[in-house]
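Single-letter residue listing:
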Amino acid sequence: MVKPSPQLFSMPAATVAAKLAFLASDLGLTVAEQTRVLSSNPNIMGRSVEDHLRPWVSFCSGLPSEGPPGPVAGLGMSQADMRRMAVHFPQALGYSVERNVIPTMQYFADEWGVPHPDLKRLLTLYPRTLGLSVETNLKPKAAYFTDTLGLSPDQLRDLVLDFPPLLGYSLESNIKAKVDVLTAFVTRVLPALPDDHPLSVASSPPAIDLAATITAGPRLFSYSLPRVHARLARFADPSLARAGVFGKPDAIVCDGALKLGPVLTPTDAQLDKRIARA
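These remarks concern the structure in this document. Just so it is clear, the structure is predicted and the values come from calculations on it, not from any experiment.

Checked against the element boundaries, His-52 lands in helix H4 (residues 49-61). Judged by its relative accessible area of 12%, His-52 falls in the buried class.

In this section: the packing of helix H10 (residues 171-189) against helix H12 (residues 225-235). Contact geometry for H10 and H12: axes closest at 10 Å, N-to-C directions at 10°. The orientation of H10 relative to H12 falls into the category roughly parallel. Residues Ala-177, Lys-178, Val-181, Leu-182 and Phe-185 of H10 form the contact with H12, whose own contacting residues are Leu-225, Val-228, His-229, Leu-232 and Phe-235. A class-by-class count of the residues in the contact of H10 with H12 yields 8 nonpolar, 1 polar and 1 charged.

Before going further, it helps to examine the nonpolar core. Formed by 82 residues in total, the largest nonpolar core has its most connected members in Leu-27, Trp-56, Phe-108 and Phe-145. With 7 residues, the single largest contributor to this core is H10. Beyond its immediate stretch of four places on either side in the chain, Leu-27 contacts Phe-22, Trp-56, Val-57, Gln-79, Met-82, Arg-83, Ala-86 and Leu-93.

Right, let's talk about the side chain of Thr-215 for a bit. Topologically, Thr-215 is positioned in helix H11 (residues 210-216). Judged by relative accessible area, which is 14%, Thr-215 ranks as buried.

Analysis parameters
- Residues numbered from 1 in each chain as written.
- Predicted model: local features only at pLDDT ≥ 70, side-chain atom pairs only at ≥ 80, totals over all residues.
- Heavy atoms only, no water.
- Helix = DSSP H or I, 4+ residues; strand = E, 2+ residues; numbered from the N terminus.
- Buried < 20%, exposed > 50% of the residue type's maximum accessible area, 1.4 Å probe, protein only.
- Axes fitted to C-alpha atoms, helices over the stretch in contact; angles between N-to-C directions.
- Parallel < 35°, antiparallel > 145°, perpendicular 65-115°, else oblique.
- Contact = heavy atoms within 4.5 Å.
- Nonpolar A, V, L, I, M, F, W, Y, C, P; charged D, E, K, R; others polar.
- Core = buried A, V, L, I, M, F, W, Y, C linked by side-chain atoms within 4.5 Å.

Okay, structure coming up:
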């Protein structure tokens, strides 16, 4: 059933059977899912059920406390949650509860302000969170968002809970690069628009808040840099703005945030249809 590995052949049949039974009973994995998980991460077969796998399940399924503050006691994940995590990121099963899972979740509770009951959202939506280094990946991102862009603690928390995959994007080549493009658009392109341009309202008081814009639209970072460039250029096109292709100009700014969803979300084909109908 599983992809052959020297480690598997060296195990007693009873040991292999016990681990497969655990994957089926405790995680609810089907035979096909067991094959997928063990093919991706055969090292799971070398993990002790009682010393490693069962504590992993116990913590993930344990009732969360009401922090922060305080220690993270559990994540409150259902079997279906754990099953999805194991299938989509089999490496998660290999991480030590004491050395990786708990410290990482505690970091998000203490430094990103994520309420303990919401921690499971990080792993169910982006299980690769467990593979990210706190020191070299997560802390630099938090520092950039708060110290450089000025996100408040509440905005930082909302950002990661709204779009956990953001954690896996490169700080230099993705996040900073797109923030630079957005900053140039907000600080140079919009203020330079003539007064009769439909989007000139976006550069009028109250000023656009970059932190609020990013918090309201973190999926900005999921699009390619050329797409962001091209769509912002179209956003400022006077003929498209007057035709309302991206919505009513007086609704593009809300609570200081520039609404980027209508600009970035449509596919090229959908956008072409909108333009053709305008």
